[in-house]
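Spelled out, the chains give:
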Amino acid sequence: MDVLNRINNIFFSSKEIVFDNSSKFILMSDCHRGTGGWEDNFSNNQNIYFAALNYYYKENYTYIELGDGDELWENSDITDIIQEHSDIFWLLRKFYKEKRLYFIYGNHDMLKKNTKFIEKKLTYYFYERNNKYYLLFNDVKIHEGIVLKHKETGNKILLIHGHQVDCLNYKLWRLARLLVRYFWKPLETFGVKDVTRTAKNYKKKYLVAKKLTEWVIRENHMLIAGHNHRPFFPEIGEPPYFNDGSCVHPRCITGIEISDGSICLIKWSIKTNKKNNLIISKDILAGPRRIKDYFNKSVQF
C-alpha cells in the first residue's frame, strides 16, 4: 500500500474529538519512559516532564501523547516502567479520571495496539508501599490516530505518531525491536549509533517529514506528528505539517499547545533565576498562530 494512502486510512478511521476556541490541548510524544537504568533517556528530563504535566493538569488542558510514550523495545515489561516512574503514571491517572487523557501508539510502544496487552498491563498497577493493586487506565483505548475537528469550520487536524511512513519502523518493527534490544542497545554503551532510530539518523528524519508533508499537501489537512524528535512549526501559507519534537532532548522537553484558538511550539527546561535558584519554566519557540489561518482553503501549496 502507498504510504500516503496508509495515512488516509488512519485519517478516515480515527476517533474524532470536536474542539473550539475554549479547548486546551497539550501534545507531546517520544517520552521513551524506561526502567531508570543507564539506557533510560527519559530519566534526565523526568522532573521537567512532571512539572510541565502538573502545570497542564492545573490549567485544565487535555493531554494527548502522540506515541512512543514508553520504551518497549529496550524493555520487555511495561510494569517495570510504571514502577520506576510511578509519580508520572499517578499524574496521568488524574488526567484519565477527568477524561482529559488520550494515547496514540508509536513504533516503540506498538504493543499497545493489542487489547489483551492493554487489559493485562495497563488496567491496574501495583503499589509496593501498600502492597496493593490500584486502577490505572481501566477501559482505556489506545489509538493509531486521532482527528481534532474544529467545531466552527468543520476542518480537521490529524494526530499520528508518524512511523507509518517509515518501512523499518512500521512493517518491520518486530525486526527493528529485536535489533535494538539485543544488538544496538549493548553497542550504544560504547558510543555506537543505532541506525534503526529515526531520531539519530538525519536522513531518515528528513524523509519522514517529507512524506508527511506530501500527505498534507495532497489532502489539504493539518497534521501533527512526532517520531523523528525534530520540532517543526510552519508559518501561515506553508504546508501545515507540525512536529512536537520529543521529551528526550538534552536538558529540555518540547510539545505543541493548542488553546484560545491558537497553536504554538513550546519548550520546558531548567533555568537559573536572579537569585541563582534552579527553576523549571516554559518558553514559546514558535507561534502562537491562529489555527483558522491554517484552514484557509484558498492557500495553494
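The rules we used
- Residues numbered from 1 in each chain as written.
- Predicted model: local features only at pLDDT ≥ 70, side-chain atom pairs only at ≥ 80, totals over all residues.
- Heavy atoms only, no water.
- Helix = DSSP H or I, 4+ residues; strand = E, 2+ residues; numbered from the N terminus.
- Buried < 20%, exposed > 50% of the residue type's maximum accessible area, 1.4 Å probe, protein only.
- Salt bridge = Lys/Arg side-chain N within 4 Å of Asp/Glu carboxyl O.
- Core = buried A, V, L, I, M, F, W, Y, C linked by side-chain atoms within 4.5 Å.
- Contact = heavy atoms within 4.5 Å.
- Pairing = 2+ DSSP bridges.
- Axes fitted to C-alpha atoms, helices over the stretch in contact; angles between N-to-C directions.
- Expected span 1.5 Å × (residues − 1).

### Quick word on the overall build of the protein chain
So, point 1. Looking only at helices and strands, the protein chain has nine helices and 14 strands in total.
So, point 2. The buried share of the protein chain, reckoned over its 301 residues, is 52%.

### Things to note about the pattern of salt bridges
Where charged atoms of side chains with opposite charge meet at close range, the side chains can pair.
So, point 1. Applying the stated criterion across every chain, the model contains 13 salt bridges.
So, point 2. In this structure, R33 engages D70 in a salt bridge whose closest nitrogen and oxygen atoms are separated by 2.8 Å. You can see R33 sitting in the loop between strand 2 (24-28) and helix 2 (46-58) and its partner D70 sitting in the loop between strand 3 (62-66) and helix 3 (78-84), a full 37 residues away along the chain. Accessibility assignment for this pair places R33 and D70 in one class, buried.
So, point 3. When salt bridges with common partners are traced through the structure, they connect R33, E65, D70, D109 and K112 into a single cluster.

### Some thoughts on the environment of R230
So, point 1. Turning to its location among the elements, R230 is positioned in the loop between strand 10 (222-225) and strand 11 (241-243).
So, point 2. It is 4.7 Å that separates the C-alpha atoms of R230 and G245, two residues lying 15 residues apart in sequence.

### Quick notes on the nonpolar core
So, point 1. Counting residues in each nonpolar core, the largest one holds 38 residues, and the members touching the most others are M28, Y49, Y56, Y63, L92 and F137.
So, point 2. Elements that contribute at least two residues to this core include exactly strand 2, helix 2, helix 3, helix 4 (86-97), strand 4 (101-104), helix 5 (115-121) and strand 13 (262-272).
So, point 3. Ignoring any residue separated from it by four or fewer positions in sequence, one finds Y63 in contact with I26, M28, C31, Y49, L53, L92, F95, R100, L101 and Y102.
So, point 4. Of all hydrophobic cores here, the second largest spans 24 residues; its members include I17, F19, L66 and Y102.

### Looking at the sheet that holds strand 10
So, point 1. Here we have five strands laid out as an open sheet, ordered 1-8-9-10-11, and mixed in their pairing. At either end of the open sheet lies a strand with only one pairing partner, and these are strand 1 (15-19) and strand 11. Each adjacent strand pair in this sheet contributes to an overall mean axis angle of 20°, direction not counted.
So, point 2. Pairing between strand 10 and strand 11: three bridges, direction parallel. Looking at the pairing, I224 lines up with F242 of strand 11.
So, point 3. Taken strand by strand, helix 1 (residues 3-13) contacts strand 1, strand 8 (145-150), strand 9 (156-160) and strand 10, and its axis lies near 115° from that of strand 9.

### What to know about unusual backbone geometry
So, point 1. The step from G287 to P288 runs through a cis peptide bond, and the omega angle for that step is 0°.
So, point 2. Along the chain, P288 turns up in strand 14 (residues 278-290).
So, point 3. Its identity as a non-glycine residue notwithstanding, K99 has a phi of 60°, on the positive side.
So, point 4. The class for K99 is exposed, based on a relative accessible area of 69%.
So, point 5. At N220, a position not held by glycine, the phi torsion is positive, near 55°.
So, point 6. With respect to the helices and strands, N220 occurs in the loop between helix 8 (202-219) and strand 10.
So, point 7. Overall, the relative accessible area of 24% leaves N220 in the partly exposed class.

### A few points about the pairing of strand 6 (residues 132-135)
So, point 1. Of the strand pairs in this sheet, strand 5 (residues 124-127) and strand 6 are connected by four bridges, and their pairing is antiparallel. Across the sheet, residue Y125 finds its bridge partner in strand 6, namely Y134.
So, point 2. The turn linking strand 5 back onto strand 6 is made up of four residues, and N131 within it adopts a positive phi angle of 55°.

### A look at the sheet that holds strand 2
Two orientations exist for strands paired in a sheet by backbone hydrogen bonds: parallel and antiparallel.
So, point 1. A sheet is described by the order of its strands in space; here seven strands give the open sequence 7-4-3-2-12-13-14, paired in mixed fashion. Edge positions in the sheet fall to strand 7 (142-143) and strand 14, since each of these pairs with one other strand and no more.
So, point 2. With four bridges joining them, strand 3 and strand 4 adopt parallel strand pairing. Following the sheet pairing, E65 is matched in strand 4 by F103.
So, point 3. Packed onto the sheet, helix 2 meets strand 2, strand 3, strand 12 (252-259), strand 13 and strand 14 and runs at close to 135° relative to strand 13.
So, point 4. This element, helix 4, spans strand 3 and strand 4 of the sheet and lies at about 110° to strand 4.

### Re helix 4
So, point 1. Taking 1.5 Å per residue, 12 residues should reach 16 Å; helix 4 reaches 16 Å between its end C-alpha atoms and fits that length.
So, point 2. Buried residues of helix 4: I88, F89, L91, L92, R93, F95 and Y96, and no others.
So, point 3. On the buried face of helix 4, the contacting elements are helix 2, strand 3, helix 3, strand 4 and strand 6.
So, point 4. Positive backbone phi, at 60°, marks K99, one or two positions downstream of helix 4.

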